[in-house]
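# Fold and contact review
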Amino acid sequence: KASTSDYKVLLNSDTEVTEKWLSKLLHAASSDNSIGIVGPLSNAASWQSVPHTKNKNGGWAINEIPQGHSLEFFAKIIEDSAHMDLVDTPILNGFCMMIKKEVIERIGYFDEQAFPAGYGEENDFCFRAIDSGFSLKILVNTYIHHAKTKSFGVSKRSELVKSSNDILRKRYGVERFQDLEVTLSKNEDLIAVRSNIQKNIKG
């Protein structure tokens, strides 16, 4: 609320950024007037995770940096694996988001009353942004490492996720969540990027 910048970046404290991450996000966000919010790839960011989105148990994956690779080297592999820069998405993970000022001016801030402790507020914000005419993009040539579950711990996080999901489903309907899961799980551009990353890791 205090910022007067044309672009705002929300970045979790449990992250490690990589070279040129901010300039790449800024370039992407400013490349088209219709773009409202942009987010990078990560090791643990639901549909933005690489190289895997789900673990063996069907839960969200927390990918480790491949053995023998530094964070920066792995980020370079991801950059080289991107056959394009931006991929359309119906939702973005809140661990790192670049938001245009115009989005906030049109739809307001995060809903602090419905989501006072976090979890779910970024989903609500993304839905409102799309419903107001903005597009959301994943920047697939940029990687930020996310430690995950450091703010609350696993148990508290599970409680917050369940509570927020109940609110979101009441607001937007179960069908919307089912549709976005199908859309993201079958996104050919994201599938291609993950496939390229796995090939380049082995190579």
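Here, every reference points to the structure presented above.
Summarised in this report is the structure supplied together with it. (Residues numbered from 1 in each chain as written. Predicted model: local features only at pLDDT ≥ 70, side-chain atom pairs only at ≥ 80, totals over all residues. Heavy atoms only, no water.)

## Side note on the packing of aromatic side chains
To be explicit about the condition: Two rings belonging to Phe, Tyr or Trp (six-membered ring only in the last case) form a pair when the distance between their centres is within 6.5 Å. Interplanar angles under 30 degrees mark stacking, angles over 60 mark edge-to-face geometry, and anything in between is tilted. Secondary structure counts use DSSP, requiring at least four H or I residues in a row for a helix and at least two E residues in a row for a strand, with both numbered from the N terminus. Any residue under 20% of the maximum accessible area for its type is buried, any over 50% is exposed, and the rest in between are partly exposed; the area is computed with a 1.4 Å probe on protein chains only. Consider the ring centre and the ring normal. A charge sits over the ring if Lys NZ or Arg CZ is within 6 Å of that centre and within 35 degrees of that normal.
Counted by the stated rule, this structure contains five aromatic pairs. Here the aromatic rings of W47 and W60 are separated by 5.0 Å at their centres, their planes lie at 85°, and the arrangement is edge-to-face. Taken together, the positions of W47 in the loop between β3 (35-41) and α2 (71-81) and W60 in the loop between β3 and α2 put the pair 13 residues apart, joining distant regions of the chain. The class of W60 is partly exposed, set by a relative accessible area of 38%. Members of the aromatic cluster, each reached through a chain of ring pairs, are F127, Y172 and F177. Sitting over the face of the ring of Y109, K1 holds its NZ or CZ atom 5.2 Å from the ring centroid. The positively charged end of K54 is found above the aromatic ring belonging to W60, 4.8 Å away from the centroid.

## A look at the sheet that holds strand β6 (residues 135-143)
Heads up, the rule is: Strands qualify as paired when DSSP identifies two bridges or more between them. The angle between two axes is taken between their N-to-C directions and runs from 0 to 180 degrees, where each axis is a line fitted to C-alpha atoms and a helix contributes only its stretch in contact.
Across the sheet, which stays open at both edges, the five strands sit in the order β1-β5-β3-β6-β4 with mixed pairing between neighbours. Strands with a single pairing partner mark the edges of an open sheet, and in this sheet they are β1 (7-11) and β4 (86-89). Neighbouring strand axes in the sheet, compared pairwise and without regard to direction, differ in orientation by 25° on average. Two elements, β4 and β6, share four bridges in a ladder whose sense is antiparallel. When the bridges of β6 are listed, L86 appears paired with L139.

## Some details on the nonpolar core
Test applied: Here, nonpolar core means buried Ala, Val, Leu, Ile, Met, Phe, Trp, Tyr and Cys residues that are tied together by side-chain atoms lying within 4.5 Å of each other. Whether two residues are in contact is decided by their heavy atoms: any pair within 4.5 Å suffices.
One finds I37 and V140 to be the most contacted residues of the largest nonpolar core, which totals 34 residues. Among the elements of the structure, β3, α2, β5 (96-100), α3 (101-107), α4 (121-131), β6, α6 (174-185) and α7 (188-202) are those that each provide at least two residues to this core. Residues contacting V140, with those up to four places away along its chain left out, are L41, I78, A82, M84, D85, V87, L190 and V193. With 13 residues, the next largest nonpolar core counts W21, A28, V38 and F95 among its residues.

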